Amino acid sequence: MTYKHSFLTFFLLCFSLSVFAQTSEFKATFIKAQQEDKQVTVTLSNGTTYVGKVVSIDEESAGVQTKDGVFNFRYDRIQNVRIYNPNDKTTGWRDNPAKNKLFITQTGKMLDQGSGYYQNTYIFFSNFSYGITNGISIDAGFSMIPGLEIANQMFTAGAKIGTSLNSTFYIAANLKYYKFFDIEEGVTSIFGSITYSKSRLDLTAASGIGLAAGSSSDVLLILGGQYRISERFAFISENIFFPTGESESTALVSFGGRVIGSKSAFDLGFFGIEETLVPFVSYTLKF
């Protein structure tokens, strides 16, 4: 067997094991809900969410009694399953399609395996992200500024790895490369982030450095969060602190909101530094 075939076999084995583990997790949640006589919230791969009581479970699917009747949900078409808590109505809400990021930077949360999104910012900047597994994702982006040749556009590429410590804490590490317009030397950023998530609230703290031309920047600090006031809307704040000297720093602060759809999110906010305020507009489409 050649090296190429060995690598392909190893990749397919890892992928199969990941799918099997996810299917087992879904099935275990259905079994637990049925044993405890609790309802479940089922989110399908197309973003549709259902709430109901588990009435049957087999090797390939689970039957759920919803307000619209009984549906058999195949495990391979499910994005997420969680037990519904009647005392916390947020457990019946649709997933946030952009749950793994603030306006710009990444949180400690990861994309679900096999899911991804396209993000467009200011019309001229595009970014794609995809979850290879529940703990590994990749992304790439580019600018489309009129008048600039392809070689002079901005390009990015990155990877993220993370996991959940428990039901409320998530950690991740992010590596990203930036090629800025006609500047020959690229910049690489390395960031670590941790997110506390409870019901409506997500709080994120992150820090990292930039690397370029054999030198590194001082450590940056990011503090942010989002609070869902309803199933369809969340407040967001993202604040980046840049060291400017000994015991001094400059802050890039932001505030705004996110309109949440079943497979899309629209962000509108403002970034401010000192007395300058710049509007921020971005659209995310999940696939």
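Everything below is about the structure shown above.
Only a predicted model underlies this, so the values are computations on that prediction, with no experimental measurement involved. (Residues numbered from 1 in each chain as written. Predicted model: local features only at pLDDT ≥ 70, side-chain atom pairs only at ≥ 80, totals over all residues. Heavy atoms only, no water.)

Caption draft 1: Up close: the overall build of the protein. Secondary structure summary: the protein contains one helix and 18 strands in total. For 287 residues, the compact-globule estimate of 2.2 N^0.38 gives 19 Å, and the C-alpha radius of gyration of the protein, at 21 Å, lies within 12% of that figure. Expressed as lengths along the three principal axes of its C-alpha atoms, the size of the protein is roughly 60 × 55 × 40 Å. Scored against the burial criterion, the 287 residues of the protein give a buried share of 40%. For the protein, long-range pairs separated by at least 24 residues make up 41% of all intrachain contacts whose partners lie at least 6 apart in sequence. A total accessible area of about 15,900 Å² is found for the protein, and carbon and sulfur atoms account for 62% of it. Put simply, the protein has 24 plus and 25 minus side-chain charges, and the middle of one group is 11 Å from the middle of the other. (Helix = DSSP H or I, 4+ residues; strand = E, 2+ residues; numbered from the N terminus. Rg over C-alpha atoms; globule rule 2.2 N^0.38 Å. Buried < 20%, exposed > 50% of the residue type's maximum accessible area, 1.4 Å probe, protein only. Contact = heavy atoms within 4.5 Å. Areas by Shrake-Rupley, 256 points an atom, 1.4 Å probe, with all protein chains shown as cover. Lys, Arg positive; Asp, Glu negative; His and termini not counted. Charge placed at Lys NZ, Arg CZ, Asp CG, Glu CD.)

Caption draft 2: The arrangement of the packing of aromatic side chains in detail. By the definition in use, this model includes 14 aromatic pairs. Relative to Phe 71, the ring of Tyr 50 has its centre 5.2 Å away and its plane inclined at 40 degrees; by these criteria the two rings are tilted. Here the residue Tyr 50 occupies a position in strand β2 (residues 49–57), and Phe 71 occupies one in strand β4 (residues 69–74), the gap between them amounting to 21 residues. Among the residues examined, Tyr 50 registers a relative accessible area of 21% and is labelled partly exposed. (Phe/Tyr/Trp six-rings, centres within 6.5 Å; stacked < 30°, edge-to-face > 60°.)

Caption draft 3: Quick look at the nonpolar core. Counting 13 residues, the largest nonpolar core has Phe 30, Val 40, Val 42, Phe 73, Tyr 75, Ile 78 and Val 81 as its most contacted members. For this core, the secondary structure elements donating two or more residues are α1 (3–35), β1 (39–44), β3 (61–66) and β5 (78–83). Contact partners of Phe 73, with chain neighbours within four places excluded, come to Val 42, Leu 44, Tyr 50, Glu 60, Ser 61, Ala 62, Val 64 and Ile 78. (Core = buried A, V, L, I, M, F, W, Y, C linked by side-chain atoms within 4.5 Å.)

Caption draft 4: Structural detail: the sheet that holds β3. Judged by pairing direction, the sheet is antiparallel, and its five strands sit side by side in the order β4-β3-β2-β1-β5 without closing on themselves. Strands with a single pairing partner mark the edges of an open sheet, and in this sheet they are β4 and β5. Neighbour to neighbour, the strand axes of the sheet diverge by 40 degrees on average, direction disregarded. Here β1 pairs with β5 via five bridges, running antiparallel. If you follow Leu 44 over to β5, its bridge partner there is Ile 78. (Pairing = 2+ DSSP bridges. Axes fitted to C-alpha atoms, helices over the stretch in contact; angles between N-to-C directions.)

Caption draft 5: Representation of a nonpolar patch on the surface. A cluster of nonpolar side chains, contributed by Tyr 122, Val 259, Phe 266, Leu 268, Val 278, Val 281, Tyr 283 and Leu 285, occupies part of the molecular surface with about 640 Å² of accessible area. Elements with a contribution of two residues or more to the nonpolar patch: β17 (264–273) and β18 (276–286). Considering every element that reaches the nonpolar patch, the biggest residue donor is β18, with four residues. Positionally, Tyr 122 belongs in the loop between β6 (116–121) and β7 (125–131). (Patch = residues over 30% accessible without salt bridge, like charges linked within 9 Å, V, L, I, M, F, W, Y side chains within 5 Å. Salt bridge = Lys/Arg side-chain N within 4 Å of Asp/Glu carboxyl O.)

Caption draft 6: Looking closely at the pattern of salt bridges. All told, the structure shown has 12 salt bridges when counted by the stated rule. The network of salt bridges with shared partners includes Glu 60, Arg 74 and Asp 76.

Caption draft 7: Representation of the environment of Thr 107 within the structure. Within the secondary structure, Thr 107 is located in the loop between β5 and β6. Between the alpha carbons of Thr 107 and Ile 161 there is a distance of 11 Å; along the sequence they are 54 residues apart. Apart from residues no more than four positions distant in its own chain, Thr 107 is found in contact with Lys 99, Asn 100, Lys 101, Leu 102, Lys 160, Ala 172, Ser 193, Thr 195 and Thr 204. For Thr 107, the side chain forms a polar contact with the main-chain nitrogen of Lys 109, separated by 3.1 Å. (Polar contact = N/O pair within 3.5 Å; in protein donor to acceptor, adjacent residues only side chain to side chain.)

Caption draft 8: Spatial organisation of the environment of Ser 216. Checked against the element boundaries, Ser 216 lands in strand β13 (residues 215–216). Each C-alpha atom, one on Ser 216 and one on Thr 188, is 9.4 Å from the other, the two residues being 28 residues apart in sequence. What Ser 216 contacts, discounting residues up to four positions off in sequence, is Gly 210 and Leu 211.

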